[in-house]
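# Structural description and commentary
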Amino acid sequence: MAALLLVSVGGLPLLLKDDGTAKGLAQILLTYTLSSITALLAFFTLWLACGTLAKDVEECQMQMIVVKPIYRWQVWIGKWVGIIGLNAGLLALSGLAVYAGLMWRAHRLPPAQQQILRSEVLVARASARPPVKDLQPEIDRAVRSRIGGVRATLTPDEKMAMAKQVVSAVIATNEEVAPGNAREWKIDMSHASAAARNAPMQLRVKFHTSGLNEETTYDTLWLIGPQESQRSQLVQQSLPAESFQEFDIPPGQVSDDGTLTIGFLNRNELPLLFPLDEGVEVLYRENTFGINFCRGLAIILCWLGFLAAIGLATASFLSFPVAAFASLGILAMAAFGGTLKSVVENGTVASWDAGASSFGHSVLDFAMVPMFKGALEVINLVTTFSPVDYLSSGRSITWQDLGLAVAQIIFLLGGIFACFGIIFFSRRELATVQGQS
């Protein structure tokens, strides 16, 4: 396994094609190498977890252990800790190879490209966003004004459709910056360190337009810093729509009270819509890439610990082939999270008829949809943390994120599978297995 991991780490960079920039190369290297390492270790963990317990029972080695003065839960936990220790060693070895290869390539680049890498990829950047405005009171007033006079003449479906139109209109009004108009955002930077507030930062923006053209760019003018201060800076950028774009913020623009003011003037002929939740975001340096990389590997180790708990839990009462099949089935269910989400949103496992007024529910839906909803909730608890995406984009994985990952993945979800596995293993009649063999 160690050799296979090192071959994938060393061989993938030779096969990958990038966009020709140092930033693109580093992002592709981090994304594909870490994803391949995670996939290899995931299958290895499930296979080892199922085999180390089920095979010991089938080959009658476990029967020689449990007659000694040791509890079965200690055997179960000991195997889990052993698998985690082995994964930690393999993950550290492959992670060190990825880090060394990335640093070696970075040092061979021209100084200008090295600066881009260290400011946008090889860094741990935290983010700050403007507060999201509570639109519910405005939506309620608009709905009452629109539907109030014709409520008695509308069917329930018509009321729902009209309410959705009103909600969309209110949201669009608060996101839109009309031609020739300006918009201002105030972002609280008081939680950032003094060094981070005075260092160069990046502004990450995304906007939508009514006339989308991939080759069209839009003239944007930004006033960054206190509006009535000589420190404020004008930044002009030509940016495309429908995608995240980043550009530098001059240092020293945070006011004394920790507020960063971002002003925007729309000098285009079309209105621009900045999404309320992701339209404007400030990225600032939170820590070094090395520490961020270690925290990302620690979250991957949490994933592997959860998979080890699944494998041991299924092997606690199933034979090795069946336990491996069941564990891989659970892993496959996690891989098809998008399908589960679609079923939950549509409320049916059947196809949707666009000409019908509602979804065609069946008896199967009442049984399957709640089960899929519960599975989706579990999957979201695990996939909420995306260390590979964060590392490849230079985003910070905070200690709070790591602590939350340990709590949710290891203690909560892994603990549930561990409890079931220990209970089944403690109540399993090992002599029956020995008699069958």
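Small disclaimer: the values here were computed from a predicted structure and weren't measured. (Residues numbered from 1 in each chain as written. Predicted model: local features only at pLDDT ≥ 70, side-chain atom pairs only at ≥ 80, totals over all residues. Heavy atoms only, no water.)

### A look at the overall build of the protein chain
Assigned secondary structure in the protein chain consists of 15 helices and ten strands. The buried share of the protein chain, taken over its 437 residues, is 41%. Pairs at least 24 apart in sequence give 78% of the contacts found in the protein chain among residues at least 6 apart. Accessible surface for the protein chain amounts to roughly 23100 Å². Of this, 61% is attributable to carbon and sulfur atoms. (Helix = DSSP H or I, 4+ residues; strand = E, 2+ residues; numbered from the N terminus. Buried < 20%, exposed > 50% of the residue type's maximum accessible area, 1.4 Å probe, protein only. Contact = heavy atoms within 4.5 Å. Areas by Shrake-Rupley, 256 points an atom, 1.4 Å probe, with all protein chains shown as cover.)

### Focus: the sheet that holds strand β3 (residues 182-188)
The strand order β3-β8-β5-β6 describes an open sheet built from four strands, whose pairing is antiparallel. Each edge of the open sheet is held by one strand with a lone partner, namely β3 and β6 (233-240). When the angles between neighbouring strand axes are averaged without regard to direction, this sheet yields 25°. Pairing analysis gives seven bridges linking β3 to strand β8 (residues 259-266), with the strands arranged antiparallel. (Pairing = 2+ DSSP bridges. Axes fitted to C-alpha atoms, helices over the stretch in contact; angles between N-to-C directions.)

### Overview of the packing of helix α6 (residues 136-147) against helix α7 (residues 156-175)
Close contact between α6 and α7 brings their axes to 9 Å; oriented N to C, the two are set at 135°. Judged by the angle between their axes, α6 and α7 are oblique. As for how α6 packs across α7, the hand of that crossing is right-handed. Here α6 contributes E138, I139, A142, V143, R146 and I147 to the contact with α7, which in turn contributes K159, M162, A163, Q165, V166, V167, V170 and N174. (Parallel < 35°, antiparallel > 145°, perpendicular 65-115°, else oblique. Left-handed = near helix turned anticlockwise from the far one by under 90°.)

### Looking at the pairing of strand β4 (residues 201-205)
Within a regular strand, side chains alternate between the sheet's two faces. Within β4, five of the five residues are buried, which leaves it mostly tucked inside the rest of the structure. Every second residue of β4 is oriented toward a common face, with M201, L203 and V205 on one face and Q202 and R204 on the other, all of them buried. As defined by bridge partners, β4 adjoins strand β7 (residues 245-249) across five bridges and the pair is classed as antiparallel. Directly across from V205, in β7, lies its bridge partner Q245. Where β4 meets strand β10 (residues 280-287), four bridges bridge the pair, whose relative direction is antiparallel. Bridge pairing links L203 to V282 in β10.

### Side note on the packing of aromatic side chains
Taken as a whole and assessed by the stated rule, the structure comprises 15 aromatic pairs. Relative to F264, the ring of W222 lies with its centre 4.8 Å away and its plane at 45°, an arrangement referred to as tilted. Here W222 is found in strand β5 (residues 217-224), whereas its partner F264 is found in strand β8, with 42 residues between them in sequence. Accessibility expressed as a relative area gives 0% for W222, which makes it buried. Each residue in the set W185, F207, Y218, W222, F247, F264 and F274 is aromatic and connected to the rest through ring pairs, giving one cluster. (Phe/Tyr/Trp six-rings, centres within 6.5 Å; stacked < 30°, edge-to-face > 60°.)

### Focus on helix α2 (residues 22-58)
Over its 37 residues, α2 extends 53 Å from the first C-alpha to the last, a length consistent with the 54 Å expected when each residue adds 1.5 Å. C60 sits one or two residues past α2 and shows a positive phi near 65°. (Expected span 1.5 Å × (residues − 1).)

### Regarding a nonpolar patch on the surface
The grouping of F317, L412, I416, F420, I423 and F424 at the surface amounts to a nonpolar patch, some 560 Å² of accessible area in total. Of note, L412 is situated in helix α14 (residues 399-427). A relative accessible area of 41% means that L412 is categorised as partly exposed. (Patch = residues over 30% accessible without salt bridge, like charges linked within 9 Å, V, L, I, M, F, W, Y side chains within 5 Å. Salt bridge = Lys/Arg side-chain N within 4 Å of Asp/Glu carboxyl O.)

### Side note on the environment of F320
Counting through the fold element by element, F320 comes out in helix α10 (residues 320-335). In this structure, F320 is in contact with W47, C50, G51, A54, K55 and E58, ignoring residues within four places of it in sequence.

### Looking at the packing of α2 against helix α5 (residues 111-120)
A pair of packed helices is captured by two measures, namely the crossing angle of their axes and the spacing between those axes. At their nearest, the axes of α2 and α5 sit 9 Å apart, and the two run at 45° to each other. As judged from the angle between their axes, α2 and α5 are oblique. The two elements α2 and α5 meet at a crossing, and its hand is right-handed. Of α5, the residues touching α2 (which contributes A22, K23 and A26) are Q113, I116, L117 and E120. Looking at the contact of α2 with α5 residue by residue, the classes come out as four nonpolar, one polar and two charged. (Nonpolar A, V, L, I, M, F, W, Y, C, P; charged D, E, K, R; others polar.)

### Section: the nonpolar core
Among the nonpolar cores identified, the biggest contains 43 residues, and L30, L41, L102, L122, F289, F293 and I409 are the most heavily contacted of them. Of all elements in the fold, only α1 (2-15), α2, α4 (72-107), α9 (289-315), α13 (387-392) and α14 reach the threshold of two or more residues within this core. Contact partners of I409, with chain neighbours within four places excluded, come to C302, W303, F306, L381, V382, F385 and G414. (Core = buried A, V, L, I, M, F, W, Y, C linked by side-chain atoms within 4.5 Å.)

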